[in-house]
Amino acid sequence: MADIKQIAVIGAGQMGNGIAEVSLSAGYSVYLMDQSKDMLDRGVAKIEHNWNKLISKGRITEQEKSTKLANLITTTTLEAVCDVDLVIEAVVESKQIKEELFARLDALAPSATILASNTSSLPITALAAVTNRADRVIGMHFMNPVPVMKLVEVIRGLGTSDETYQTVLEVSKKLGKKSVEVNDFPGFISNRILMPMINEAIYAVYEGVANAEAIDDVMKLGMNHPMGPLELADFIGLDTCLSIMETLYEGFADSKYRPCPLLKKYVSAGWLGRKSNRGFYDYRSGNRWS
Ligand SMILES: CC(=O)CC(=O)SCCNC(=O)CCNC(=O)[C@H](O)C(C)(C)COP(=O)(O)OP(=O)(O)OC[C@H]1O[C@@H](n2cnc3c(N)ncnc32)[C@H](O)[C@@H]1OP(=O)(O)O
Ligand SMILES: NC(=O)C1=CN([C@@H]2O[C@H](COP(=O)(O)OP(=O)(O)OC[C@H]3O[C@@H](n4cnc5c(N)ncnc54)[C@H](OP(=O)(O)O)[C@@H]3O)[C@@H](O)[C@H]2O)C=CC1
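Model, not experiment: these values are computed from the prediction.

Trainee: Any chance you could break down the overall build of the chain for me, citing the residues and the numbers?
Mentor: Across its full length, the chain carries 11 helices and 8 strands. Over its C-alpha atoms the chain spans a radius of gyration of 19 Å, differing by no more than 12% from the 19 Å that the globule rule assigns to 290 residues. The contacts in the chain between residues at least 6 apart in sequence include a share of 66% that link residues at least 24 apart. Of the roughly 13500 Å² of accessible surface on the chain, a fraction of 53% belongs to carbon and sulfur atoms. Separation of charge centres in the chain, based on 31 positive and 35 negative side chains, amounts to 4 Å.

Trainee: Give me the site of ligand 2: which residues, what numbers.
Mentor: Surrounding ligand 2, one finds 24 residues, the nearest of these being D34, E93, K98, S120 and I236. Within the side chain of S120, an N or O atom sits 2.7 Å from an oxygen atom of ligand 2. Between ligand 2 and K275 there is a distance of 3.1 Å, counted from an oxygen atom to a side-chain nitrogen or oxygen. Contact with the protein chains removes 85% of the 900 Å² of surface that ligand 2 exposes when unbound. Going through the elements one at a time, α1 (14-25) and β6 (137-142) are the ones with two or more residues in the shell around ligand 2. Of the residues belonging to the shell around ligand 2, the class tally is 9 nonpolar, 11 polar and 4 charged.

Trainee: A description of the pattern of salt bridges should follow, citing residues and the corresponding values.
Mentor: Here the structure, examined in full by the defined rule, presents 15 salt bridges. Note that E48 and K65 form a salt bridge whose closest N and O atoms lie 3.2 Å from each other. Taken together, the positions of E48 in helix α2 (residues 37-56) and K65 in helix α3 (residues 62-70) put the pair 17 residues apart, joining distant regions of the chain. According to the relative accessible area criterion, E48 is partly exposed, its value standing at 26%. Accessibility expressed as a relative area gives 9% for K65, which makes it buried. A network of salt bridges, in which partner residues are shared, links E89, E93 and K98.

Trainee: So, the site of ligand 1: which residues are in play, and what are the values?
Mentor: Residues in close proximity to ligand 1 total 19 residues, the closest being K57, R59, H141, N144 and N191. Within the side chain of N50, one N or O atom sits 3.4 Å away from a nitrogen atom of ligand 1. Side-chain polar atom of S120 to an oxygen atom of ligand 1: 2.8 Å apart, as the coordinates give it. Compared with its free state, where it exposes 1100 Å², ligand 1 has 63% of that area covered by protein. The set of elements that each furnish at least two residues to the shell around ligand 1 consists of α2, α7 (190-206) and α9 (229-236).

Trainee: Residues and numbers for the sheet that holds strand β7 (residues 151-156), please.
Mentor: Read across the sheet, 8 strands follow the order β3-β2-β1-β4-β5-β6-β7-β8 without closing on themselves; strand pairing throughout is mixed. Each end of this open sheet is capped by a strand with a single partner; those strands are β3 (72-75) and β8 (178-183). Pairs of neighbouring strands in the sheet enclose a mean axial angle of 25 degrees, with direction left out of account. The pairing of strand β1 (residues 6-10) with strand β4 (residues 86-89) spans 4 bridges and is parallel. Among the inter-strand pairings, V9 is bridged to a residue of β4, identified as I88.

Trainee: Provide a residue-level description of the UniProt feature "domain: 3-hydroxyacyl-CoA dehydrogenase C-terminal" (unreviewed entry) in the chain, including the pertinent values.
Mentor: In the numbering adopted here, UniProt assigns the feature "domain: 3-hydroxyacyl-CoA dehydrogenase C-terminal" (unreviewed entry) to residues 187-283. The span residues 187-283 is 62% helix and 0% strand, and its two end C-alpha atoms sit 28 Å from each other.

Trainee: Please give an account of the side chain of S243 that cites residues and values.
Mentor: Structurally, the position occupied by S243 is in helix α10 (residues 238-252). Among the polar contacts listed, one links the side chain of S243 to the backbone oxygen of E93, at a separation of 3.2 Å. With residues near it in sequence (within four places) discarded, S243 still touches E93 and S121.

Trainee: Which residues make up the packing of aromatic side chains, and what values go with them?
Mentor: Using the criterion set out here, one finds 4 aromatic pairs in the structure. Ring geometry for Y203 versus Y206: centroids 6.0 Å apart, planes at 75 degrees, classification edge-to-face. Of the two residues, Y203 and Y206 both sit in helix α7, 3 residues apart, roughly one turn of that helix. Owing to a relative accessible area of 9%, Y203 belongs among the buried residues under this scheme. When the ring centre of Y165 is taken as origin, the NZ or CZ atom of R156, which lies over that ring, is 4.1 Å away.

Thresholds, definitions, all that
Residues numbered from 1 in each chain as written. Chains lettered and ligands numbered in written order. Predicted model: local features only at pLDDT ≥ 70, side-chain atom pairs only at ≥ 80, totals over all residues. Heavy atoms only, no water. Helix = DSSP H or I, 4+ residues; strand = E, 2+ residues; numbered from the N terminus. Rg over C-alpha atoms; globule rule 2.2 N^0.38 Å. Contact = heavy atoms within 4.5 Å. Areas by Shrake-Rupley, 256 points an atom, 1.4 Å probe, with all protein chains shown as cover. Lys, Arg positive; Asp, Glu negative; His and termini not counted. Charge placed at Lys NZ, Arg CZ, Asp CG, Glu CD. Near = heavy atom within 4 Å. Polar contact = N/O pair within 3.5 Å; in protein donor to acceptor, adjacent residues only side chain to side chain. Nonpolar A, V, L, I, M, F, W, Y, C, P; charged D, E, K, R; others polar. Salt bridge = Lys/Arg side-chain N within 4 Å of Asp/Glu carboxyl O. Buried < 20%, exposed > 50% of the residue type's maximum accessible area, 1.4 Å probe, protein only. Pairing = 2+ DSSP bridges. Axes fitted to C-alpha atoms, helices over the stretch in contact; angles between N-to-C directions. UniProt positions renumbered as here; feature names shortened; annotations may be inferred. Phe/Tyr/Trp six-rings, centres within 6.5 Å; stacked < 30°, edge-to-face > 60°. Lys NZ or Arg CZ within 6 Å of the ring centre and 35° of its normal.

If you want it as C-alpha cells, here you go:
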C-alpha cells in the first residue's frame, strides 16, 4: 500500500474546496488548483468560514486553524501540483474536460501517483484509458457537503489494482469517511438511485402535479428526507444533475433515464441552482420561490 502524504485537489468548486478542507483536517499537505483565481479565493474563504464556525463552537483552536492553513498551497497552474502521491480531480462533470485533464495529469505526474476522480457518474474505466496507468486510476466519490457527509463511494475501474484500492480506502478512513466499494457502471450506486428520483420530481413540476415547495414538503415531511428533491437539486447544481442524467440515459440506453425537458431548459437559461442564485428556488434576496 502506498504511503500518501501529499494530495492535490483539482477544481476548487463546492466539492473541491470540501475535499481540500477534510484533507487538511486529516493532516495532509494539500495543493488546491483551479483555472480561476476567483474560485480559489472563494474556495479558501469557504474553508476558513467553516473553521471559524468550529472555533466559535470550541471544537478547534485558532492555532489549529493556522497550522492547517499553512499546509495549503493554491495555484492556477496544473504543472505546479502534480508532484504528489494522490491527485483528486473535482472539476465540472464533463467527460471531455475530465479526459483531457487525465491525459495531462498522466503526462505530468510521477508514475507512482494515484489519479482519483470525484466524478458523480462518468466511467472510471474510460478516464483510465486515456492514461498509461489504468492500475492507478480510481473513483473517489465524496458527497456534498463534504465536511458533513460520511460516505465515499470508491469505484474500481476495470484495471484498478488492489493496491490502489487499498490505498484509497486507507485515505478515506483517515479523512473520517466510510467507504463503499462499487463497480464501474453509470452513476455508480448513489446517482443511479438518487438522480432518477430528482428527475421524477422535476417531471412532477413540469407536468403541473404541484409546485416545487409542495413536492419538497412531501418528501421532507412524509419521508423524512433532510432536503426535498428540488431543494437538493439546487444544492447539487442543475448542470451537474443534467450531466448525470445524460450519462445514465446514454450509458444504459434506456428511456427511463430521459432528462426532464424542464431541467434542460433551466440549465440552458443559466439557472444552475444555488451557485447561480436561481434554480427551482430564487436565492437572489434570501427569497425563495418556485
Ligand atoms: C450529486 C452527487 O454526486 C452526490 C451527492 O453529493 S448527492 C447530495 C448528498 N447530500 C445530501 O443529500 C444532503 C442533504 N442535506 C442534509 O443532509 C442537510 O440539509 C445538511 C447537512 C446539508 C444541512 O443540515 P441542516 O441540519 O439543515 O443545517 P445546519 O443545522 O445548518 O447544519 C448541520 C451541521 O452541518 C454543518 N454544515 C452544514 N452545511 C455545511 C457545509 N457546507 N460545510 C460544512 N459544514 C456544514 C453545520 O455547521 C452543522 O454542524 P454542527 O451540527 O456540527 O453544528
Ligand atoms: N455538486 C455535488 O453535489 C457533487 C458533485 N460531484 C462531482 O464533483 C465535480 C465537481 O462538482 P462541483 O464542485 O459541484 O462543481 P463546481 O461547478 O462547483 O466546481 C467545478 C470547478 O472546476 C473548475 N474547473 C473546470 N474545468 C477545470 C480544469 N480543466 N482545471 C481546473 N479547474 C477546472 C471550475 O472552474 P470554472 O468555474 O472557472 O470553470 C470550478 O471552479 C463534478 O464531477 C461533480 O459531478 C460529486 C459529488 C457531489
